[in-house]
Amino acid sequence: MAKERFHIKTPIFQSALLSNQWNKEVYFKMDCYQPSGSFKIRGIGELCEAYFLKGYNHFLSSSGGNAGYSVAYIARELGAEATVIVPHTTHSEVMDKISALGAYVEVVGDAWDDTHLYAMAKAESLKAAYIHPFDDPLLWKGNASIIDECTTQISRPDAVVAAVGGGGLLCGVMRGMEKYGWGDSRLIAAETEGAASFAASYQVGSLVTLERVDTIATSLAAKTIAEEALQWAKKQNVSPYVVTDKMALDACSSFLSEFRVLVEPACGAALSAVYNNAEVLQDAKSVLVLVCGGIAMSLPMLEAYKEKVG
């Protein structure tokens, strides 16, 4: 199990509302309660600490929000420097939150993929450790800790639902599920329509790079998923699940009403599966949703997004 130096063990709550409504057990793994506001701290913590022990004291991240915020948080905890490069789609409130942790924030590129290329070059010039937001084996190892915890909290569910952006969470979750013999459980990989790079790649069996991303769920806005994520999908029981931005937002509102917690639209994509009793879950008698959380949301932002999508 990954060390709990930066992340905490989060609770699992059963939804009495949905369990009764759909006649199945519905559970939420509340990683929205992490100190960084999202699951990202698990893998980012593992990766940053490894670099820190190698002598690096400057971390550089390319992130539209949650990964960058986790890098900034961990850098502050370790007494290191942090630089976070974000795309133009990043909300100003998110940049302010990252800056408040002492990180230097720079805006480059129209999508994460452009930001990533610039950030890698800058990390090399600064001799900083480049912290990839989703494509690194150490990061997957850290993310697998979420399943380490789940196995001590509930029995194996029939289905696990997780949001997929670049695939870092999926890779960690699949590692954990394989480790504990959860291979019979289906993983539902949730995305929004404007950023469904996993679903596109899954359909053709090879990596697909989207021409553009167009979604309010900016945390899912990677044009290409990690190769490792596709390889897991080929050998394990994985099903893509694609929702509209409106469905993701409606799920965020339902979750807020039920648990008094506000999460990002990216997380709403996963929540949508159980709030809509999705077809991919019809045969499941027990469902575990990984509530990935996210810092890029506030009540005014939620209302603005709702008005935007109609």
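Placed above this text is the structure.
Residues numbered from 1 in each chain as written. Predicted model: local features only at pLDDT ≥ 70, side-chain atom pairs only at ≥ 80, totals over all residues. Heavy atoms only, no water.

Turning next to the overall build of the protein chain. In terms of helices and strands, the protein chain carries 13 helices and 10 strands. In terms of overall size, the protein chain behaves like a compact globule, its C-alpha atoms giving a radius of gyration of 18 Å where 310 residues would be expected to give roughly 19 Å. Seen along its three principal axes, the alpha-carbon backbone of the protein chain occupies a region of about 55 × 45 × 40 Å. In the protein chain, the share of contacts with a sequence separation of at least 24, taken over all contacts with a separation of at least 6, comes to 71%. Element-wise, carbon and sulfur atoms account for 48% of the exposed surface of the protein chain, whose accessible area totals about 12300 Å². Averaging the positions of the 26 positive and the 35 negative side-chain charges in the protein chain gives two centres separated by 5 Å. (Helix = DSSP H or I, 4+ residues; strand = E, 2+ residues; numbered from the N terminus. Rg over C-alpha atoms; globule rule 2.2 N^0.38 Å. Contact = heavy atoms within 4.5 Å. Areas by Shrake-Rupley, 256 points an atom, 1.4 Å probe, with all protein chains shown as cover. Lys, Arg positive; Asp, Glu negative; His and termini not counted. Charge placed at Lys NZ, Arg CZ, Asp CG, Glu CD.)

In the contact formed by helix α11 (residues 245-259) and helix α13 (residues 299-309), the axes pass within 10 Å of each other and the chain directions differ by 145 degrees. Between α11 and α13 the crossing geometry is left-handed. Residues D245, K246, L249, C252, S253 and L256 of α11 lie in contact with α13, whose contacting residues are L299, L302, Y305, K306 and V309. The residue inventory of the contact of α11 with α13, partitioned by class, reads seven nonpolar, one polar and three charged. (Axes fitted to C-alpha atoms, helices over the stretch in contact; angles between N-to-C directions. Left-handed = near helix turned anticlockwise from the far one by under 90°. Nonpolar A, V, L, I, M, F, W, Y, C, P; charged D, E, K, R; others polar.)

Locating G142 in the fold gives a position in helix α6 (residues 137-143). Here G142 falls in the buried class, since its relative accessible area comes to 0%. Measuring from C-alpha to C-alpha, the distance between G142 and H7 comes to 9.7 Å, with 135 residues separating the pair along the chain. (Buried < 20%, exposed > 50% of the residue type's maximum accessible area, 1.4 Å probe, protein only.)

All right, on to the packing of helix α8 (residues 168-179) against helix α10 (residues 227-235) then. One way to put it is that α8 packs onto α10 with a least axis distance of 9 Å and a crossing angle of 40 degrees. By the angle class used here, α8 and α10 are oblique. For the element pair α8 and α10, the recorded crossing hand is left-handed. Touching L170, C171, M174, R175 and E178 of α8 are E228, A229 and W232, all from α10. Per-class residue counts for the contact of α8 with α10 are five nonpolar, no polar and three charged. (Parallel < 35°, antiparallel > 145°, perpendicular 65-115°, else oblique.)

Our focus in this paragraph is the environment of K223. With respect to the helices and strands, K223 occurs in the loop between α9 (197-204) and α10. Among the residues examined, K223 registers a relative accessible area of 17% and is labelled buried. Residues K223 and A195, spaced 28 residues apart in sequence, show a C-alpha to C-alpha distance of 7.0 Å. Those residues in contact with K223 that lie beyond four places of it in its chain are A111, D113, S197, V208, T209, L210, E211, R212 and V213.

Another aspect to go through is the pattern of salt bridges. Going through the model one piece at a time under the given rule, you end up with nine salt bridges. In this structure, E149 and K29 form a salt bridge, with 2.7 Å as the shortest nitrogen-oxygen distance. Of this pair, E149 sits in helix α7 (residues 145-150) while K29 sits in strand β2 (residues 25-30), placing them 120 residues apart in sequence. K29 shares its class with E149; the two are buried. Across the salt bridge formed by E106 and K122, the nearest N and O atoms sit 2.7 Å from each other. Remark: K122 occurs in helix α5 (residues 112-126) and E106 occurs in strand β5 (residues 104-107); sequence separation between them is 16 residues. Classification of E106 as buried rests on a relative accessible area of 16%. (Salt bridge = Lys/Arg side-chain N within 4 Å of Asp/Glu carboxyl O.)

Before going further, it helps to spend a moment on the sheet that holds β5. Strand pairing in a sheet relies on backbone hydrogen bonds, with the paired strands running either antiparallel or parallel. If you walk across this open sheet you meet the four strands as β5-β4-β3-β6, and the pairing is parallel. Two strands close off the open sheet at either side, each with one partner strand: β5 and β6 (129-131). The sheet shows a mean angle of 20 degrees between the axes of neighbouring strands, direction not considered. In this sheet, β6 lies alongside strand β3 (residues 58-62) in parallel orientation, the contact comprising three bridges. When the bridges of β6 are listed, F59 appears paired with A129. Running over the sheet, helix α4 (residues 92-100) touches β4 (81-86) and β5 and is turned about 150 degrees from β5. Across the sheet, α5 touches β3, β4, β5 and β6, and the angle it forms with β3 is around 165 degrees. (Pairing = 2+ DSSP bridges.)

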